[in-house]
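Residue-level structure breakdown
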Amino acid sequence: MSQELLRGLPSVDRLLHHTKSAPLLARFNRDYVTQQCRQVLDELRQAIRAGGAVDARELDDGAILDRLARRLAGQPAGGFQRVVNATGTVLHTNLGRAPLAEAAIDALVTAARYPTNLEYDLNEGERGRRESHVERLLVGLTGAEAATVVNNNAAAVLLALNTMASGREVIVSRGELIEIGGAFRIPEIMARSGAVLREVGTTNRTHPDDYAQAIGAATALLLKVHTSNYRIVGFSSEVPLPELVAIGRQHGLPVMEDLGSGALIDLGRYGVPKEPLVGERVALGADVVTFSGDKVLGGPQAGLLVGRKAWIDRIAKNPLHRAVRCDKLTLAALEATLALYQQSPDVVSEIPALRAFTRPLRELEAMAARLLPALERALGPGFSVALESSTSQIGSGALPTEEIPTWAVAVRHDRDSADAVAARFRAARPPIIGRINDDRFLLDLRTVFDPDDLIPRW
Ligand SMILES: *Cc1c(COP(=O)(O)O)cnc(C)c1O
């Protein structure tokens, strides 16, 4: 029986001459259709050999081509694609961190579609610098003397250390020798920058004297690192930036601070816990401050450096700057995002990350009221949904111990585990990513703006 089914399978060539192949060949190239068609036939062969109940009707040419069409329409499954972030972590590194503001998306699309004055000065009609527009905005927004921008904050730290301290010592507290996201580690970046790490203090306590005593002829820089993704609580102390700046001044040494997130505005009046403000750190005397474009700022991936003109100029002229520079799409999106901070009457509602941090609970409740019946209907028998109060996180290492109240939809199935329910939501198009709490699958509403996004389509 199975031999007969196997013999009955059509050839690729015959399938591609079938009338149903014409629309597929109009949309995809022949090599690709041929390769996908072979895979469909291989899968059917395997199913037949495995003795699976393969219906002869699934094996006629039309049915096989329907299967091929579905497969082609479904691509690129497993590829780079949109997902729905219902994790409650607003800046989820694995899900691409900050979603961009509409103005930033428009700028990015324009920069992608048309030639731009990327490195062209329209007043002079000659070559310009690609970073100049963004730098002007950053100076205005932070009060720093100068600014520059690179591909991400890790690159900003690498570049600044290389410029300011290559071949010399950088003093850092042992409590600030952090690792971010598994790959960014202060000691390793330091080594690659050519600077020599001089650790001082202890894991939980570092005092002004620890820095002062370590300063010697080889010292080039005092570095402070915002311990973004963890907190030392209890018997702990760190040296505040103004004191570190005072020590630096006394010894004629610059002070740099890696802020990680670095906020441009205080969201305190919305009840959102405070991240250090870049402008405040500059005002407190840091010579160079580095931070990310796609964390609390809510823009594209970028590494921003602001501070004293003498240092920023040297950083911008370092040949490594060219190796870690931003592309035009990033610069377009970043400039548009910064322009919102400068000009918008309501920047919090225009930048999605800021909006997500600050959405009032009643907005989430109203969304839940519309969502729950529709979700229940869409999921069908076996599933139950219930609204529960929970907490969301800022994410990307910002304020790891602080949580924002939220509402979440718990989705249960009467036979399947929470993991199995999560896997089903991940298999939706687009995939819906929730989180699991106490063996319940939760869809956190704080990070979702359109309730329709949470209705899975399989
Ligand atoms: C996130 C972070 C980095 C790395 O920034 P990227 O923009 O992800 O490269 C470096 N330092 C600190 C303190 C951070 O929080």
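Residues numbered from 1 in each chain as written. Predicted model: local features only at pLDDT ≥ 70, side-chain atom pairs only at ≥ 80, totals over all residues. Heavy atoms only, no water.

1. Notes on the environment of Glu 363
On the secondary structure map, Glu 363 appears in helix H18 (residues 361–379). C-alpha of Glu 363 to C-alpha of Phe 449: the two residues are 86 residues apart in sequence and 9.8 Å apart in space. Within polar-contact distance, the side chain of Glu 363 engages the side chain of Arg 359 at 2.9 Å. (Helix = DSSP H or I, 4+ residues; strand = E, 2+ residues; numbered from the N terminus. Polar contact = N/O pair within 3.5 Å; in protein donor to acceptor, adjacent residues only side chain to side chain.)

2. Describing the site of the ligand
Around the ligand sit 13 residues, and of these Ala 154, Ser 228, Asp 258, Ser 292 and Lys 295 come closest. Separating an oxygen atom of the ligand from a side-chain N or O atom of Ser 292 is a distance of 2.6 Å. Between the ligand and Lys 295, the relevant distance is 2.8 Å, taken from an oxygen atom to a side-chain nitrogen or oxygen of the residue. Here the ligand loses 94% of its free accessible area of 380 Å² to cover by the protein chains. Elements supplying a minimum of two residues to the shell around the ligand: helix H8 (153–165) and strand E11 (255–260). Taken together, the residues of the shell around the ligand sort by class into four nonpolar, six polar and three charged. (Near = heavy atom within 4 Å. Areas by Shrake-Rupley, 256 points an atom, 1.4 Å probe, with all protein chains shown as cover. Nonpolar A, V, L, I, M, F, W, Y, C, P; charged D, E, K, R; others polar.)

3. Describing the pattern of salt bridges
A side chain with one charge can pair with a side chain of the opposite charge if their charged atoms come near. This structure, assessed with the given rule, holds 30 salt bridges. Where Glu 238 meets Lys 224, a salt bridge forms, and the shortest distance between an N and an O atom there is 2.6 Å. Within this pair, whereas Glu 238 is found in the loop between strand E10 (219–225) and helix H11 (241–251), its partner Lys 224 is found in strand E10, the two being separated by 14 residues in sequence. A salt bridge links Asp 287 to Arg 308; the shortest N-O distance between them is 3.2 Å. Linking Asp 287 in the loop between helix H12 (278–283) and strand E12 (288–292) with Arg 308 in the loop between strand E13 (303–307) and helix H13 (309–317), this pair joins segments that are 21 residues apart in sequence. Here the salt bridges share partners, and the residues they tie into one network are Glu 119, Arg 127, Arg 130 and Arg 325. (Salt bridge = Lys/Arg side-chain N within 4 Å of Asp/Glu carboxyl O.)

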